[in-house]
Amino acid sequence: DICLDPVCGDGTSLVEAGMAFEPKLLLGGDADLARLAAGRALAAAASQSLRLAALQADALPLAVDSVDKVLCDLRGKTPVPEQAQVVLARYLTAFGRVLRPRRAAVVLVDDSRGMDRALSECAESLTHLQRVPVHLSGQKAWVCVLKRNG
């Protein structure tokens, strides 16, 4: 399996995924080079092999149908709430492009309405399977499980 976190920050989620599921390849990206450097150090300390690169989550430089799993924390990734739908739709479109058919994405969001609107724009490629409300650091969030159609 190939697992992608396109907004991996310091790579914590990828390291955890590597220890829990032992995928063949762990790919991570982020626009913040300092956080990617921290991710490399974290992966080395945890004896995990990550491929990390500077990238934008809405313009993934990966082939169509090349990833088995996407996991990411999109909380706080939209500059203002009014832009949530637009930004989330761009991310979800990119995820739907690189995910293999019938494979899953697990996405953590802080705006469930923005996610609903974004998913309505991506209904051709992604199906919303489940949403679980959670509280993290005192803030409400939602874990959304999506499946690539096809």
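Everything numeric here is computed off the predicted structure, so don't read it as measured data.

Counting its secondary structure elements, the protein contains four helices and seven strands. Reading the helices (α) and strands (β) of the protein from amino to carboxyl end gives β-α-β-α-β-β-α-β-α-β-β. Principal axes of the C-alpha set define a box for the protein whose edges measure 40 × 35 × 25 Å. Counting all 150 residues of the protein, 43% fall into the buried class. Contacts in the protein between residues far apart in sequence, at least 24 positions, make up 66% of those at least 6 positions apart. Of the roughly 7700 Å² of accessible surface on the protein, a fraction of 52% belongs to carbon and sulfur atoms. With 18 positive and 17 negative side-chain charges, the protein shows a separation of 4 Å between the mean positions of the two kinds.

A few words now on helix H1 (residues 12–21). Because each turn of an α-helix spans 3.6 residues, side chains separated by three or four positions end up pointing in the same direction. Taken together, the buried positions of H1 are occupied by Leu14, Val15, Ala17 and Gly18. Buried residues of H1, seen end-on, are gathered within an arc of 160° and therefore sit on one face of the element. Glu22 occupies a position one or two residues after H1 and carries a positive phi of about 50°.

In this section: the confidence of the model for the protein. In this model, the protein carries an average pLDDT of 92, and 97% of its residues clear a pLDDT of 70 or more. When mean pLDDT is compared element by element in the protein, strand E5 (residues 99–109) scores highest at 97, while helix H4 (residues 112–121) scores lowest at 89.

The next thing to look at is the layout of surface pockets. Of the volumes computed, that of the largest pocket is approximately 350 Å³. As for the largest pocket, its lining consists of 16 residues, of which Ser13, Ala17, Leu71, Cys72 and Val106 are closest to the centre. Every element with two or more residues in the lining of the largest pocket is listed here: H1, strand E4 (67–73) and E5. A breakdown of the residues in the lining of the largest pocket according to their chemical character gives eleven nonpolar, two polar and three charged.

Our focus in this paragraph is the sheet that holds strand E3 (residues 50–54). Taken together, seven strands build an open sheet; the order of strands is E3-E2-E1-E4-E5-E7-E6 and the sheet is mixed. Each edge of the open sheet is held by one strand with a lone partner, namely E3 and strand E6 (126–136). Averaged over all adjacent pairs, the angle separating strand axes in this sheet is 15°, with direction ignored. One ladder, built from five bridges, connects strand E2 (residues 25–30) with E3; its direction is parallel. In the sheet register, Gly29 faces E3, and the bridge partner there is Ala53. Lying on the sheet, H1 is in contact with strand E1 (2–5), E2, E3 and E4; it crosses E2 at an angle near 175°.

We now examine the environment of Pro61. Note on placement: Pro61 falls in the loop between E3 and E4. Considering only alpha carbons, one finds Pro61 and Leu136, 75 residues apart in sequence, at a separation of 31 Å.

Another point: the pattern of salt bridges. Applying the stated rule across the entire model yields eight salt bridges. Two residues, Asp58 and Arg90, come together in a salt bridge whose shortest N-O distance is 2.8 Å. Placement of the pair is Asp58 in the loop between E3 and E4 and Arg90 in helix H3 (residues 84–98), with a sequence separation of 32 residues. Between Asp116 and Arg131 there is a salt bridge; the shortest N-O distance is 2.3 Å. Of the two residues, Asp116 is situated in helix H4 and Arg131 in strand E6; the sequence distance between them amounts to 15 residues. According to the relative accessible area criterion, Arg131 is partly exposed, its value standing at 25%.

The rules behind the values
Residues numbered from 1 in each chain as written. Predicted model: local features only at pLDDT ≥ 70, side-chain atom pairs only at ≥ 80, totals over all residues. Heavy atoms only, no water. Helix = DSSP H or I, 4+ residues; strand = E, 2+ residues; numbered from the N terminus. Buried < 20%, exposed > 50% of the residue type's maximum accessible area, 1.4 Å probe, protein only. Contact = heavy atoms within 4.5 Å. Areas by Shrake-Rupley, 256 points an atom, 1.4 Å probe, with all protein chains shown as cover. Lys, Arg positive; Asp, Glu negative; His and termini not counted. Charge placed at Lys NZ, Arg CZ, Asp CG, Glu CD. Arc of directions from axis to C-beta. pLDDT = per-residue confidence, 0-100. 1 Å grid on protein atoms, 1.4 Å probe; cavity = no way out; pocket = protein on both sides within 12 Å on 5 of 7 lines; lining within 4 Å. Points joined across faces, edges and corners; volume = space filled by probe spheres on them. Nonpolar A, V, L, I, M, F, W, Y, C, P; charged D, E, K, R; others polar. Pairing = 2+ DSSP bridges. Axes fitted to C-alpha atoms, helices over the stretch in contact; angles between N-to-C directions. Salt bridge = Lys/Arg side-chain N within 4 Å of Asp/Glu carboxyl O.

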